[in-house]
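Tertiary structure, described
Given next are the chains, with one letter for each unit.
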Amino acid sequence: MARRLRFDGWILGAGTASGTRVVVGHWPRSPLGPLSDVMVQRPDGARLLLAPTRDAADFVAATYAFDEVRLVPVVVQRPDPRTWAVTAGPLRLRVTTGRRPPLGRLLRAVPPPLARTPVWVGLLDRPARLLTGLRTTGSAGNGRTEWYGVQDLHLVTALDASWDGEPLGALAPVHPPVTFGFGSVPPRPSLARVTTTVQLP
């Protein structure tokens, strides 16, 4: 019988002027315990997963597509409500979040217990594709199915990032879109409060 696993937390997506795009998953509640992981797509298209444990790396790599996987400490800190500081192997990232866009206000109006359910998320998939070009549900790797139950959205307003000590440049759109899997992040850098449900075959 298919089994569903739930990851509850945040997804942060941002681009940089150098062309490197970063997607941070921060999951205080997950079947693997509290964890954070980072997906990076470099300007040449290479996709890299930075994960803190072998179990986390194996699970994420079985769900999404990467060219390289590295096991490194991944630390996410929130020194204040608007600031996220991420350290993951060669990556140093600090972002500031700002206001909710209109979509964020709409998402906040949906009761969280409903917003997290796969049935509701599935109903939103077609409108989401038409309005934003993004998907809320679809097939992932190894026969898995995913549902992204987004409950809030804030814009990212500032970024300071480096890779192996080299600055990655100013905040920029997530363009071209990342290609880790069927889902993506908005082209405008943002922070989403999300519950991800993964169904195993």
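Preceding this section is the structure that the text describes.
The shown structure was predicted, so the numbers you read here are calculated from the model rather than taken from an experiment. (Residues numbered from 1 in each chain as written. Predicted model: local features only at pLDDT ≥ 70, side-chain atom pairs only at ≥ 80, totals over all residues. Heavy atoms only, no water.)

**Brief notes about the pattern of salt bridges**
This model, assessed by the stated rule, comprises nine salt bridges. Its salt-bridge partner being Asp152, residue Arg100 comes within 2.8 Å of it at the nearest N-O pair. You can see Arg100 sitting in the loop between strand S8 (91–97) and helix H2 (102–108) and its partner Asp152 sitting in strand S10 (residues 145–163), a full 52 residues away along the chain. Residue Arg100 is classed as partly exposed on the basis of its relative accessible area of 26%. Ionic contacts of the salt-bridge type, sharing partners, join the residues Asp8, Arg29 and Arg193 into one network. (Salt bridge = Lys/Arg side-chain N within 4 Å of Asp/Glu carboxyl O. Helix = DSSP H or I, 4+ residues; strand = E, 2+ residues; numbered from the N terminus. Buried < 20%, exposed > 50% of the residue type's maximum accessible area, 1.4 Å probe, protein only.)

**Focus: the environment of Ala161**
Looking at the element boundaries, Ala161 is found in strand S10. Residue Ala161 is classed as buried on the basis of its relative accessible area, which comes to 5%. Note: C-alpha distance between Ala161 and Thr87 (74 residues apart in sequence) is 9.9 Å. Ignoring any residue separated from it by four or fewer positions in sequence, one finds Ala161 in contact with Arg92, Leu93, Glu166, Pro167, Leu168 and Gly169. (Contact = heavy atoms within 4.5 Å.)

**Notes on the side chain of Thr63**
Counting through the fold element by element, Thr63 comes out in helix H1 (residues 54–63). Of note is the side chain of Thr63, whose polar atom sits 2.8 Å from the side chain of Arg144. Sequence-distant contacts of Thr63, that is, excluding residues within four places in its chain, are made with Ala140, Gly141, Arg144 and Glu146. (Polar contact = N/O pair within 3.5 Å; in protein donor to acceptor, adjacent residues only side chain to side chain.)

**Points about the pairing of strand S1 (residues 3–16)**
Here S1 lies mainly inside the structure; 10 of its 14 residues are buried. Here S1 runs beside strand S13 (residues 190–200); their pairing, made up of 11 bridges, is antiparallel. Within S13, the residue paired with Arg6 across the bridge is Thr197. Taken together, the seven bridges between S1 and strand S2 (residues 21–29) define a ladder with antiparallel strand orientation. Of the residues in S2, the one forming a bridge with Trp10 is His26. In this structure, the hairpin formed by S1 and S2 is closed by a connection of four residues, where Gly19 is found at a positive phi of approximately 100°. (Pairing = 2+ DSSP bridges.)

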